[in-house]
Every structure is written in structure tokens, then in C-alpha cells.
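Architecture at a glance
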Amino acid sequence: MKYETVIGLEVHAELSTKTKIYCSCENSFGGDTNTRCCPVCIGLPGALPVLNKTVVDYGIKAGLSMHCDIASYCKQDRKNYFYPDLPKAYQISQFDLPLCEHGFVEIDTDEGMKKIGITRIHIEEDAGKLLHAEGANFSLVDYNRGGVPLIEIVSEPDLRSPEEALAFLEAIKSTLQAIGVSDCKMQEGSLRCDVNVSVRPEGQKEFGVRSECKNVNSFHAAARAIRYERDRQIAILEAGGTVEQETRRWDDTKGESFVMRTKEEAHDYRYFPEPDLMPIFVDEAWKENLRNSLPELPSEKKKRYVENYDLPKYDAGLLSASLGLSKLFEEAVGEGAKPKTVSNWLLGEISKILNETLMEAEDIPFGGKALAELISMIESGTISGTIAKQVLPEMFNSDKNPKQIVEEKGLAQISDEGAIMEIIHGVLSQNEAAVNDFKAGKDKAIGFLTGQVMRASKGKANPGVIQAKLREALEALK
Amino acid sequence: MAITMKEIEHLAKLSRLALSNEEKERLTGEMQSILAFADKLSSLETEADPTMFAADGKNVFRKDEVKPSLSPSEILQNAPQADMECFVVPKTVE
Amino acid sequence: MKALVSMTAHELHDKLVNREVSALELTRAQLAHIEETEAEIESYITVTSASALKKAEEVDKKIAAGEEISPLAGIPVAIKDNISTKGVLTTCASKMLYNYVPPYSADAYERLLGQDAVMVGKANMDEFAMGSSTENSYFKKTKNPRNTACVPGGSSGGSAAAVAADEAVFALGSDTGGSIRQPASFCGVVGMKPTYGLVSRYGLIAFASSLDQIGPITKDVRDCATVLSAICGKDEKDSTSLHVSTPDFLGALTGECKGMRVGLPKEYLSDAVDPAVREAVLSAAKAYESMGAEIVECSLPMLDYALETYYLISSAEASSNLARYDGVRYGFRAEGCEDLDSLFLKTRSEGFGKEVKRRIMLGTFVLSSGYYDAYYKKAQKTRTLICQDFARVFETVDCILTPTSPCTAWKFGAKSADPVQMYLADICTVSINIAGLPALSMPYGTDGEGLPIGVQLIGPRLGDAKILKAAYALEKGGR
């Protein structure tokens, strides 16, 4: 039987406000344990929360960018459960009246653009972190992350494949980054998601029984967890069994998920309105102000790149999805570089370095001007493309511009015909066999000899000049 | 309404209270009489909106400005057990 | 001559300003009196002699330098042990916090420090403020100074007893359902619960967040107005703190009440109220009439549902507020906890007393799935009706006169066996917290056994000055 996979996602994104959601401790990543804590965020008796207005602003911005209705009235609620990383033994969240509802984001699929519904977006606080020392029989608790503001974005069960889920996550990430409310750094855990998966025989209208998978900490893990869960559920159905509604925990190293709790063990969170906080009223003026402050969204940017720069849709999609890459792109193009060439560099060599070094595009240490300079040096013949690929890593590692790097390392291309002819003569005298092949009419030998000349020049000889001069020298020998 | 021993056990679990059998029995009786007394509310028919907040305020916000945190020693000064500038708890199952 | 320690804050302020006595002499006299009295009354969990003497010296320096001192400068005060005092043990009278020393102070306490008041100790109370007799303290049983066989009331029993026994000139208490007013009434002193939000709750260890309020316990109404002026005001750290300019509480104390309309609700004078208490309230009403106020008979029918509403809402909030006591960050941790579950279970089971566990269980029940609508939400709706009840009556009256408690102080153990009997004793006070109103209890006569009776004046929201005015008039000319 053929099955259809139905996927819904709950994405948690840490907001990049200066302070935590309910206290004035700094909101940042890393540093020594328990250094960004106060009576409020470690839940000392008697301490009280006061809501950071920027959190509400950011939540509304996220909602607007995902076409949500913004609640004119909402409140905060307590979600009660015990865990050592949750200092008050309740998380302040939003239950029945979230800040944003009924939105959507668009993703590119094989069948064209598809709207994925956003059920709701609400604001809440993050928990602290448990640290596990190797071999120890205890765990350590660090509350620096406790009280860091989060938005939880809940999608409708509109996704049908791991690929769609990935596209959705990419769209969420690029949108949140573009509007400046979250840096979405996966390595720092500022974007996390829970994955809800069910399967149903193709053509069936009713949804199957779903499971919820937690502890999914990367996009890659999300896709794997979905595939695993899809296959697991299909296997159960194929064997004549029934899928249980349960919460599972994804183990990315093992590539498997495990039951955390069954439906019967489901938590009773005993939500009730947080009496320590006042309700939130959002009027039209507030909303409009934020709407007007929104920058161009990735979907709009993509359209513009295709229309204004004649970029292929694929390039435009990748560039516009990344705040860092699109910034470099526009800067470089602004310096006069050819859009498609810039795109090739960004999506080729530069993305390769980012992947290898696990660096985010936003952290690239040079600007579009330097990239444009590098490209212009290739086009003017100062360096070859091969040399440019050696210059690029230097640009990542130092604050020098490409010209400086080329000068200091003596990488400038040799275009002087006399100098190149000298190298050619040297190569020809050492490769008699190849020369004889050429004489015998085997044109292929030119390719080999070109390579030898390039090698002898340490890659610096201008390939165009080599081509012209090599043929000239060989013809002279005939 | 009647409250059963089983419900008392469920509530104790939710509240993270370990109760002796004697306590459970006593609490079953006491909760029973407290709830009998509270059941009076269910006889009251009302369409009133629930009061969720004790004060009339709305939009009480704080500016997004960093203020000094407490020092780790102040944060940890009351910890029943601390090590490496962290609170120590029995190993959590991962 | 009246002993120093038995004087009011305003009397002592005059003596300090006129240099008839130094702050250090006063504090030493106070500490000596505590030393004498404490064995019998047991008002305090902690006595802070050293810091008190130090503070008194600072005040004396200011006086010597000719600086103008605040009305509470150098005046000994007792602070209820659920109000956070930086560097000073704050236990909530619970084993759970037997060793907890907060690294920060409550806003109300900070304000008193700013006024140079001298804290002499942390007062005993019912554990986590749950109780009406202070018998639920983990540490000790405070006696009623008027009759040591009787309870001092609760939960601020230590604060009220300290003031009544001259172990402090005034005290701060907290009031969730009558916890300031009822012990004030039992001990024959003045106690006031201000309008919800007038005094910051920051640093007050929460029992029921939407009902809790800090307030003064004093020897007379003038001191009550002075202390309230000192502790009230907008606090950016408490989202429920009201943004209002501080009324002139002392200016309201004219001694007159002519033309005031005083409501007398019949539901508060039912047969459930002791005859002596009823008599006292009626005679206070007569006194008001004789001073030119108008007595308006009125009705607050929702009183019938007040206790149920109160116990459901307060327990629900308490079950959540007290969840943080898990043995991880502060306070008591049970021995020999091998895993997380046993850490939570053993710590909470050994750390909390009977009454606290009972309320946590009740609160967990009313919030749990399947019961929320029938109990918690219903209570929230009834809360609306109770608020409307008061609003309607306050359209025609300035304040409402009732008993503070249906009875006077009872003997130790008299109501401990049955929680519902204990809860019923709060009938006159809880609806005021539900509606967030200000109310004050002041002594007005005694019963046949010589135990003090308290009458309660209830005001509309932010009508704190009104009830102080009415109370002051009754105190001056009401006999």
C-alpha cells in the first residue's frame, strides 16, 4: 500500500533581545555558568516577572511576516511541571490566547509554491541547561538560559514530506533572520523543533494517529527524524498493528527515536492565567508601526533577484534565504560585479568554506566590496580563477583585502608574453614525447602541455596567454 | 463530588508529594469535606466573565535594557549542593 | 510614666526629634523588652539585635548632624517572615526554608530601610501564610498577649502579637484572606490590608499572587497611615503594582466623619457571628451616627460564596507558587535522594507541613484537567460577581462596617482538627481580597472574657484614605 506522510512542526526560536523575557539579565550565549542570573530568573521566593516589551514587538513582527492575525488581547499563562532546569516549576507561556494566529508561509515544492498554515505563534520563556559530566552520578544546572525569550511557531499539519519540512524550516529561519528577531543559530540551539508525524493510506481523508518527536536540534535531524518516524509507523501498519499516540525522543547519534511517554502518561500541565502579569492589548497603531518597520522578506527578495538581476530561481532562492549571503550579494553587485558571477562565488566556494568550518553566513568577516574586488581581479586578468580560490580562504582568515593578499603572496597572474614564452620553452624541452605526439597530429598533447606550463608557473600564468603562445611555439617546431 | 483514593494518589504525584497511607486516607476525607463545601459554587448559575487579573492594569512592560545580574556566589549561596559554579542534582536520565 | 516600648511611632518620633531619647536607647530598650517577653509570647523566629543596634546608631548620627529624620526613623519594626530581607534568614515559618537567606530585599522592606526604620526581628506566622492561628508554624506557637492560652490569630500572628506585646512598635504583615486583619483583631491592635497593588509584592514570598498584599500592623490609626505612606507606591519590579500618586493618608486623619456614609451589610451580622462581636459592630455604628455619619443598611449577598471562591483560587495559585520548592536551588533538601523523583518527592513531603500539603493538593485538583472549568473557572466567575456586589454597594456608601472575625481569639487547638471549621473563621475577611479592596481592622471593645474585638472598615478600590479617615474618627471620638 502507498502511504502519505502528514507532518506538523513546532519551532522554538530564541529571540535576539538584549535582555531576558521577564528580567533585566543579559540575553546572550556562552560564558561562565550562572553569571546571567537574578532572583527572577532562578525563581527565588518572592521575585516577580516583568515583561520585556521588545519580546512582544518581536513576536508581533514574526506574526506579521508570516501573515498572522495579531491578537488585540492576549495573556500569559503558567504551564506547571517539575524539572530541575525549570526554576519556578512552571514555565510562563501562552495557552488559549496566543499573540498571533492563522498565518502561513510559502515554500517551493516540486509542484510549485505551497502555502503552509501557521496555527499560532506565542511568546514564552526558555528553561536552564542541564550539564552532564562524563561518568558522574550527578548533573549540573546552569540557569543562564533560563528566561531567555522564545517564540513557539506551530504549523498546521500541511507538510507531506521531509523535503517540505526542510523547506518550511528554511523559510522560517530566513524570515526570522531577515526581520531581525532571531539569529537562528542552530549550533547555539537558538532554533529547535518538535516534529509531529502521522501516516495514512493514500487517498484516506482522516489523519492517522500521530506521534510527537522531541529533542530535534537541527534541520538535518528533523528530516532524519521524520523519515525514521514515517518508516516506523508504516512498518507497524504493514504488520497489521496500530500506531500509538505518544511522545518520543529523537537520538541523533543513534538515528532512532525512543518512547518518552505514552498517551496515558501525558503531562497534565494545569495551565492557568499568570496572576503576576497583566494582559497584553495590541492596538492598530502599534501593529502598523511594526508592519512599517519590517524589512523586505526573503520571498520578496527572491522575486526581486530574479526580476532585477536575472538570476536563476534556484540561485535567487538560496541567496535571499540567507541574510548574510544576500547582504554580500547586494554589496558586491553594488560595486559593479556581475550578479551571476557573484552568485556563483557565494553559492560555490564561499558556501563550501562555510559548510566546512560550520560558520554562519552572517559571520563572514569580509564584505561585498572585497568580493567584488576579487571578481574584478579575475576579470581583469590579474589573477586566475584557480588563484582566486587560494585567495578566498585568506580573506576568511585575515582582515586583508584581496589585492593585499595577492600582492603579499606574489599571486598576481603572469600575462607577460616574454616571461610565459620562457616557461613554455623550458616545458617543451623537458617533454619531448608530448611534443612529438603533437607533431604526429595528436592535438590532445596541447592539453597536457598547458597543464605542465601552468604547474611550472605555480598557477600564475594567464591561461589565455599560455594557449596562444604554446600553439605558437609548437607550430614553430613543426 | 466524591474523591477517591486513586485520585488522591494522582494529585499527590502531580504535586510531587509522597504520602503515607495514613496521610492519603486523612487527605481523602479532608479533601472530601473541603470539596463538599466548595461544591456550593457549582449550584450558582452565572454568565459572568471570569476575573483573571486582580488589578486593572494592561501592557505593563519593561524596557529592553540590561541591568547587572547577581554574582554566581549570590545565586548559589542557598544551594543545598553546588559544584563548578552550578547547582547539583541527582543525575537526570538522558 | 508610659514605658518607651509601649509608645506609638508618632510619640517616639517626637521624642527622637526633641532628643529626649536616642535611637540607640530606644532600640536597646526594645531588645531588652523582647528578651523579657519572648519566652512567653514567642513572636519572633529571628531577632536581629546586631543589625538593629547598628541601624539605630546611624539614625543617631543623622539626628546629631541636625538632619531631618523621617517619621519612622529609629522606630523598631517586626517584619513577617515571608517578606524577603537581604542577608537575614527568611523562613516563611517552614522547614522548607529553614536556612534560606535571601540575596535581595522586598520592595516594602527596602522602603522602610530608606526611612531608617530599625528592624528588630522576623515575626512568626503560619507556614507559607496558610492558617488563621499561627499554629501552623514549623518553629513555634506564638501566644496571644491578651491571653496566652489563646491563639494570636493568623497568619500574621507573630507580627500582631509582637505589636500587642510591645515587642515592636509596629510590624509588617501580609494579608491573603485576612491574615493581617484577623490577628490584629485577636490581639487588639490596628491592621490594614491596602488596595491590591498599592504596596509592591516584590520580595513577598507568594501564597496566592492575585490576593496577597503587604500591610501595616500598628498600635493606632495614625501609625497605620504613617506606615502605609512609607511602604506604598509604584514598583517597576511588580507588574501588578498600581501607577497612582500616593494619597495623603495622614491628611485624611481629621478626626471627623460628618456626612460620611457608612454601609452596614446585614449578611455580616448573621447568627454565625458571636453576640459580643455583633454588639461591638452595632455600637461602632451608633458611634458613627453620633458623630454625624450616616449609617446605610445594605446587602452583600455574594458573601455566601466568598469562602468557597477564596479557597479555590488561593489554593490553585498556591499549588503553582509552591512548586518551586524542590530542593534544587535553596532551602531544605531531603537526605539520601538517589534520583530526581526521590529528590522532589522526599524534599517536598518532608519540607512542607500538613496544611500546606492540603492546599497544594486542593489547588492541584482544581487546576487539573477535567476539573478546571467546574472549580477554578467557576471560582473566577464568582470572583467577578463578588466584585460587582461591592461595586454596587459603593455607589451609595463611602465605606462598609463589619466585624473582622465572627469570633474572638480561640484557645490553642480548638479548631485545628477540622480544616473547614478553621476556614469558616475567615468569612468576614476573604471577600475583600477577592475584590482587591482596602480594609482595616481596629480594636473596638472586648468580649465577656476580656478578649479584644476588632471591627473592620472596608473601602472602595483606592479608598484607603477613606477608611483611615473613618477609623481615625472612631478611634478618637467613638467611645
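Keep in mind it's a predicted model, so treat the numbers as computed, not measured.

**Notes on the overall build of chain A**
Helices and strands together make up the secondary structure of chain A, namely 15 helices and 17 strands. At 29 Å, chain A has a C-alpha radius of gyration far larger than the 23 Å of a compact globule built from 478 residues. If one aligns the C-alpha atoms of chain A with their principal axes, the spans along those axes are about 95 × 55 × 55 Å. Here chain A, with 478 residues, has 56% of them falling under the buried criterion. In chain A, the proportion of contacts linking residues at least 24 apart, taken out of those at least 6 apart, comes to 69%. Per element, the accessible surface of chain A, about 20700 Å² overall, is 49% carbon and sulfur. Here chain A holds 58 positive side-chain charges and 75 negative ones, and the gap between their average locations is 2 Å.

**Overview of empty space enclosed by the protein**
Residues and elements named next belong to chain A. With the rule as written, the count across this model stands at 10 cavities of 30 Å³ or more. The computed volume of the largest cavity comes to approximately 110 Å³. If you go around the largest cavity, you meet 16 residues; those closest to its centre are Y22, V40, C41, P49 and K88. Taken together, the residues that form the lining of the largest cavity break down as 10 nonpolar, two polar and four charged.

**Things to note about the packing of aromatic side chains**
Considering all chains together, one arrives at 28 aromatic pairs over all chains under this definition. Taking the centre distance of 6.1 Å and the plane angle of 70° together, the rings of A:Y269 and A:Y271 count as edge-to-face. The burial state of A:Y269 is the same as that of A:Y271; both residues are buried. The interplanar angle of 70° and the centroid separation of 5.9 Å between the aromatic rings of C:F128 and C:F352 together place this pair among those described as edge-to-face. Separated by 224 residues along the polypeptide, C:F128 in the loop between β3 (118-123) and α5 (157-164) and C:F352 in the loop between α10 (340-351) and α11 (354-367) bring together distant segments of the chain. Side by side, C:F128 and C:F352 carry an identical accessibility label, which is buried. Among the aromatic residues, ring-to-ring pairing joins C:Y100, C:F128, C:Y325, C:Y330 and C:F352 into one connected group.

**Focus on the interface of chain C and chain B**
Between chain C and chain B, the residue contacts involve 61 residues of the former and 49 residues of the latter. Both sides of the chain C and chain B interface together cover about 4900 Å² of buried area, and 67% of this is carbon and sulfur. For the salt bridge of C:R358 with B:E30, the shortest nitrogen-to-oxygen distance reads 2.6 Å. Secondary-structure elements contributing two or more residues to the side of chain C that touches chain B are α9 (303-321), α10, α11, α12 (372-393) and α13 (419-424) of chain C. No other element matches α12(C), which puts 10 residues into the side of chain C that touches chain B. Grouping the amino acids of the side of chain C that touches chain B by side-chain chemistry returns 31 nonpolar, 13 polar and 17 charged.

**What about the sheet that holds strand β2 (residues 82-83) of chain B?**
Read from one edge to the other, the open sheet built from four strands follows the order β9(A)-β10(A)-β3(B)-β2(B), with strand pairing classed as antiparallel. Looking at the sheet topology across the chains shown, the edges are occupied by β9 (129-132) of chain A together with β2 of chain B. Sheet analysis places strand β10 (residues 138-142) of chain A next to strand β3 (residues 86-90) of chain B, joined by four bridges and oriented antiparallel. Along β3(B), the bridge assignment pairs A:S139 with B:V89.

**Thoughts on the side chain of A:S326**
All names here are of chain A. Mapped onto the secondary structure, S326 falls in helix α7 (residues 323-334). Accessibility expressed as a relative area gives 2% for S326, which makes it buried. Among the polar contacts made by the side chain of S326, one reaches the side chain of K301 at a distance of 3.2 Å. For S326, the residues in contact, after removing those within four places along its chain, are K301, Y305, L319 and S320.

Cut-offs applied
Residues numbered from 1 in each chain as written. Chains lettered and ligands numbered in written order. Predicted model: local features only at pLDDT ≥ 70, side-chain atom pairs only at ≥ 80, totals over all residues. Heavy atoms only, no water. Helix = DSSP H or I, 4+ residues; strand = E, 2+ residues; numbered from the N terminus. Rg over C-alpha atoms; globule rule 2.2 N^0.38 Å. Buried < 20%, exposed > 50% of the residue type's maximum accessible area, 1.4 Å probe, protein only. Contact = heavy atoms within 4.5 Å. Areas by Shrake-Rupley, 256 points an atom, 1.4 Å probe, with all protein chains shown as cover. Lys, Arg positive; Asp, Glu negative; His and termini not counted. Charge placed at Lys NZ, Arg CZ, Asp CG, Glu CD. 1 Å grid on protein atoms, 1.4 Å probe; cavity = no way out; pocket = protein on both sides within 12 Å on 5 of 7 lines; lining within 4 Å. Points joined across faces, edges and corners; volume = space filled by probe spheres on them. Nonpolar A, V, L, I, M, F, W, Y, C, P; charged D, E, K, R; others polar. Phe/Tyr/Trp six-rings, centres within 6.5 Å; stacked < 30°, edge-to-face > 60°. Buried area = accessible area lost by both parts, 1.4 Å probe. Salt bridge = Lys/Arg side-chain N within 4 Å of Asp/Glu carboxyl O. Pairing = 2+ DSSP bridges. Polar contact = N/O pair within 3.5 Å; in protein donor to acceptor, adjacent residues only side chain to side chain.

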